[in-house]
Every structure is written in C-alpha cells, then in structure tokens.
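# Notes for the structure review
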Amino acid sequence: MRIDVLGVEFDPVTMDEAVDRGMALIRTPGVHTVVTPNPEIVMLCREDPELTQAVRGADLVLPDGIGVVYAARILRRPLPGKVPGADFAEGIMARLARQGGSVYLLGAKPGIAETAADKLALKYPGLRVVGTQDGYFTDSRPVVERINAVSPDFLLVCLGAPKQEKWMRENADRLSVRLMAGLGGSLDVYAGAIPRAPKLWRRLNLEWLYRLLKQPSRIGRMIKLPRFIFAALRQRRREKQGKIEGEEPKI
Ligand code: UDP
C-alpha cells in the first residue's frame with residue numbers, strides 16, 4: 001500500500017527493493033514510469049493537477065530526499081528511507097550492465113548527456129548507452145523517433161520538474177522503452193558538472209545543504225522546504241483532531 005504524504009502517494013520501499021521493482025518492470029512488456037518527488041515536487045503537485053495526475057499514474061513513486069521521509073514520520077506513516085533518483089538510476093544501470101542492457105540519456109544542457117554517457121560507460125562496463133539528447137528541444141516528435149529507433153531498456157528523463165513528469169505522461173503511449181524515470185539534475189551529477197555531496201554529508205542527510213552551498217541560486221526553491229514541513233505538521237494536527245474530510249470530529 002502506498003503512503004500518502006500531502007497528497008502524493010509514495011511506494012514504501014528501500015533502495016534495494018526499488019531497484020528490484022525497477023528491474024521487474026523492465027522485464028514486463030509495456031512502458032513503465034518512475035517518478036522521484038522531492039518536497040518541492042510535492043508542493044508543486046498541490047497547485048498543479050496535471051502534475052498530480054502524472055505522478056499518480058507512475059508505476060513507482062520514490063521519495064527523493066530526506067524531507068519527504070521526515071514529513072512521512074511527522075504524519076505517523078513512516079517510509080523506510082529516502083531513495084534518491086540519481087542513486088536509483090545508478091542501481092538500475094549497474095544491474096543492466098551485467099546483462100548488456102541499454103540506456104538512453106535525455107536532458108540537461110547540450111554536451112552534458114554525452115559527458116555523462118562517457119563516464120557511465122566507464123563506470124559500468126557492459127552498459128550500452130545507445131543515445132543522448134539535450135533537454136532544450138521544442139518538438140518532441142523527432143526526439144521520440146530517435147529514442148524508438150534504438151528502443152532502450154531504460155530512458156533517463158532529466159528535464160527538471162514538472163516538465164519531465166508531464167513529458168513522460170504525454171509521450172508514454174508513443175515511446176518504445178521498457179522503463180523511464182524522471183531524474184531532475186542527475187545527468188549533471190553523472191557528468192561531474194555538479195559535484196555530488198561527499199559520502200559523510202549524504203549519510204548525515206545534508207545533501208540539500210551541500211547543493212545549496214554549491215548552487216546558492218537554489219535558495220528561492222529551498223524556501224519551499226520549511227513550508228512543506230509546516231504543511232505536514234498542520235496535516236498531522238488536522239488528522240489528530242479527526243478533522244480530515246469525511247470524518248466526524250472525535251469528542
Ligand atoms: N533541463 C532541461 N530542459 C529544460 C529545463 C531544464 O533539460 O527545459 C535540465 C537542466 O539543464 C538540469 C535539469 O533539467 O539538468 C534540472 O535540474 P534541477 O537541478 O532543477 O533538478 P533537481 O535535481 O533539483 O530535480
């Protein structure tokens with residue numbers, strides 16, 4: 001059963017379970033979608049029904065970042081832990097490499113996907129990177145055609161939120177891929193264009209702080225994080241008082 005965090009339902013899975021589920025989806029005929037909402041995306045969903053539909057329709061909804069895990073804890077329906085999208089995708093690529101599977105890298109500024117492709121091919125021998133495309137195209141049709149020409153096992157969609165979630169929903173019926181995931185700035189990380197937080201920072205759940213220090217322009221976006229936690233606290237109070245919709249207040 002999924003865990004509701006402020007209107008977005010997350011799959012309560014560990015990283016290993018998420019990768020197992022992703023690999024099972026790759027083995028299953030059809031096009032499957034993974035989304036990785038962070039607090040910012042949860043807040044965006046509250047004012048964007050189209051994004052909410054795209055997130056709800058996904059086969060796997062993973063909590064990207066510790067903020068979502070804290071909110072779930074506040075709401076007394078804990079998640080096993082964070083499952084950052086960039087790590088999930090690496091888990092899938094490591095497994096695909098063992099079986100000669102293929103990936104297509106879509107998104108980020110021109111040149112980034114190619115650099116990411118070179119680095120990933122070195123890191124995961126056996127992995128076939130069958131195509132790259134930057135994320136600043138205007139017409140999706142030729143992009144879909146190029147992807148379909150190589151039918152990758154796994155398509156990494158790194159267009160930022162909410163563009164990537166909407167793009168996946170709009171194009172799912174036309175795409176010939178087994179699994180696709182919306183992964184924000186992951187290609188920048190794989191390419192080394194944005195440094196990944198050192199392990200200790202990640203273990204202490206301070207990856208967000210590290211990113212903020214490296215990209216101070218993110219402050220405008222991060223301001224949403226306290227609002228997200230307050231929203232969770234308000235929701236918890238409402239639920240505790242039995243004032244959630246359809247429920248009579250308990251006296
Ligand atoms: N991006 C893109 N096309 C666009 C807008 C953004 O390919 O039209 C890329 C951008 O270059 C960056 C990624 O999407 O690589 C978004 O990264 P961000 O750090 O915002 O995502 P996060 O990891 O925070 O979700």
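In short, a report on the structure. Note that this is a predicted model, so its numbers are computed, not measured. Along each chain, residues carry numbers from 1 onward, in the same order as the chain's sequence is written. The predicted nature of this model means local features are confined to residues of pLDDT at least 70 and side-chain atom pairs, given and counted, to a pLDDT of 80 or more, with totals for whole chains, interfaces and linings taken over all residues. Side-chain calculation: all heavy atoms of the structure are included, whereas hydrogens and water are not.

Core analysis: the biggest nonpolar cluster contains 39 residues, and Val5, Ile147, Leu155 and Trp167 have the highest contact counts within it. Secondary structure is summarised from DSSP: a helix means a run of H or I of at least four residues, a strand means a run of E of at least two, and numbering begins at the N terminus for each. By residue number, the principal contributor to this core is helix α2 (residues 39-45), which donates 5 residues. Two residues qualify as a contact provided that any one of their heavy atoms is within 4.5 Å of a heavy atom in the partner residue. Residues in contact with Trp167, not counting those within four places in the same chain, are Leu106, Phe137, Ser140, Val143, Val144, Ile147, Leu155, Val157, Leu159 and Leu175. Put simply, buried Ala, Val, Leu, Ile, Met, Phe, Trp, Tyr and Cys residues joined by side-chain atoms within 4.5 Å make one nonpolar core. The buried label applies to any residue whose accessible area, calculated with a 1.4 Å probe on protein chains only, is under 20% of its type's maximum; exposed applies above 50%, and partly exposed to all values in between. With 36 residues, the next largest nonpolar core counts Leu25, Leu96, Ala116 and Tyr190 among its residues.

With that out of the way, let us pick up the site of the ligand. We call a residue near a molecule or strand when any one of its heavy atoms sits within 4 Å of it. Neighbouring the ligand are 15 residues; Gly135, Tyr136, Lys163, Gly185 and Asp188 lie closest to it. Note that an oxygen atom of the ligand is positioned 2.8 Å from one of the backbone N or O atoms of Gly185. Polar contact criterion, stated in full: a pair of N or O atoms within 3.5 Å, where within protein one must be able to donate a hydrogen and the other to accept it, and residues adjacent in sequence count only if both atoms are side-chain atoms. In this structure, an oxygen atom belonging to the ligand sits 2.8 Å away from a side-chain N or O atom of Arg218. In these tables, accessible area is a Shrake-Rupley quantity obtained with a 1.4 Å probe, and a residue counts as shielded only by the protein chains included in the view. Look at the ligand: alone it shows 550 Å² of surface, and the protein chains cover 80% of it. Note that Gly is not counted as nonpolar here; it falls among the polar residues with everything else outside the nonpolar set of Ala, Val, Leu, Ile, Met, Phe, Trp, Tyr, Cys and Pro and the charged set of Asp, Glu, Lys and Arg. Residues belonging to the shell around the ligand are distributed by class as follows: 4 nonpolar, 5 polar and 6 charged.

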